[in-house]
Amino acid sequence: MTTITSNSTKTFRAVLIEKNGSEQSTKLIPVKQDSLPSGDVLVKVEHSTINYKDGLALTGKSPVVRSFPMIPGIDFCGTVVESSHKDWKPGDRAILNGWGTGETRWGGLSELAKTYGDWLVPLPHSLSSQQAMAIGTAGYTAMLSVMALERHQIKPSAGPILVTGASGGVGSIAVSLLSHRGYQVVASTGKLEAAGYLTSLGATSIIDRNDISAPGKSLQKEKWAGAIDTVGSTTLANICASLQYGAVATTCGMAQGLDFPSSVAPFILRGITLCGIDSVMAPLNIRQEAWKRLAAELDLRSLEAMTVTIPLDEVQEAGHRIVEGKVRGRIVVDVGI
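The structure displayed is predicted, hence computed values, not measured ones. (Residues numbered from 1 in each chain as written. Predicted model: local features only at pLDDT ≥ 70, side-chain atom pairs only at ≥ 80, totals over all residues. Heavy atoms only, no water.)

## Brief notes about the overall build of the protein
The helix and strand inventory of the protein stands at 10 helices and 15 strands. Relative to its length of 337 residues, the protein is compact, with a C-alpha radius of gyration of 20 Å against a globular reference of 20 Å. In terms of its C-alpha atoms, the protein occupies a principal-axis envelope of roughly 65 × 45 × 35 Å. Contacts in the protein between residues far apart in sequence, at least 24 positions, make up 71% of those at least 6 positions apart. (Helix = DSSP H or I, 4+ residues; strand = E, 2+ residues; numbered from the N terminus. Rg over C-alpha atoms; globule rule 2.2 N^0.38 Å. Contact = heavy atoms within 4.5 Å.)

## Section: the side chain of Arg 330
By secondary structure assignment, the location of Arg 330 is in strand S15 (residues 330–334). For the buried Arg 330, which has no salt bridge, the nearest side chain bearing the opposite charge is Asp 75, at an N-O separation of 5.0 Å. Here the side chain of Arg 330 touches Thr 49 through a polar contact of 2.9 Å, side chain to side chain. (Buried < 20%, exposed > 50% of the residue type's maximum accessible area, 1.4 Å probe, protein only. Lys, Arg positive; Asp, Glu negative; His and termini not counted. Salt bridge = Lys/Arg side-chain N within 4 Å of Asp/Glu carboxyl O. Polar contact = N/O pair within 3.5 Å; in protein donor to acceptor, adjacent residues only side chain to side chain.)

## Focus on the pattern of salt bridges
Using the criterion set out here, one finds 14 salt bridges in the structure. Glu 46 serves as the salt-bridge partner of Arg 93, at 2.6 Å between the closest nitrogen and oxygen. With Arg 93 in strand S5 (residues 93–97) and Glu 46 in strand S3 (residues 41–50), the pair connects residues that are 47 residues apart, well separated along the chain. Where Lys 86 meets Asp 87, a salt bridge forms, and the shortest distance between an N and an O atom there is 3.2 Å. Judged by its relative accessible area of 68%, Lys 86 is exposed. Bridged by salt links that share partners, the residues Glu 150, Arg 181, Arg 293 and Glu 297 form one connected network.

What follows is the structure, given as structure tokens:
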């Protein structure tokens, strides 16, 4: 084991968010290494990614960042440089997702990151750092959602599974994962020009998000055996209202809103289940299972087709695009270019 030491003459590049009163600024600057937060593992970051939450942090559209200055980036992948943690040694390859990274402590849009070994997951041998961040928190969340459907015995034979926000990061990977496992996947999107893309990922049919985003009745025609929702608000209420008897919906996002204008009717009359998916504080054993399955089950050709790679100096613009709904699939940040 190596004890982490500080050297104030060393710097690394990072995207830094600062706030002065109500004004937020974001810039790519050199940061002193001895400014890094506490932790028992120092990681040389190779790749990070832009998730919707990162977009909110970068743009200030939502109070995601709780402490300033902040290096955003809720996940990263790289190589351990120094460690005083029993499970990690220099040269190990590691993934981090969540744990407040990029929100309450400095994150992954940076050449270096200091964190805690208990939060890290080994990079599966079959994945590169770039592929791991093409998956990122979005894909990890999608797998947690699929695992929740399976825990509730929702099998491919049960009927169609609805995926909302299907052209986004979580949605795209959810479509691919479900299709790989033999489910009939109905993709809901506001980008109908993405129909060919979603079909290539395995969606059997496409619906316009406007069909399920307006207020509706608390009980509607039974359609879905299950659903993976990334949108929230009225969309999620309509999903619950149109689930089949005993069906299950998972919820992991709030693109339409945090509210949930529903009623108890579908829960007590059709016995449906609504499962919340938390990627931030999930226990280590669940994280390890999710990443093991992602490495084994996700079609890497589909992953490549849904991914673009950018350098650190394009991060701010990418944050605006993802919040404005102009991003399809996944954005990987190559920290070394």
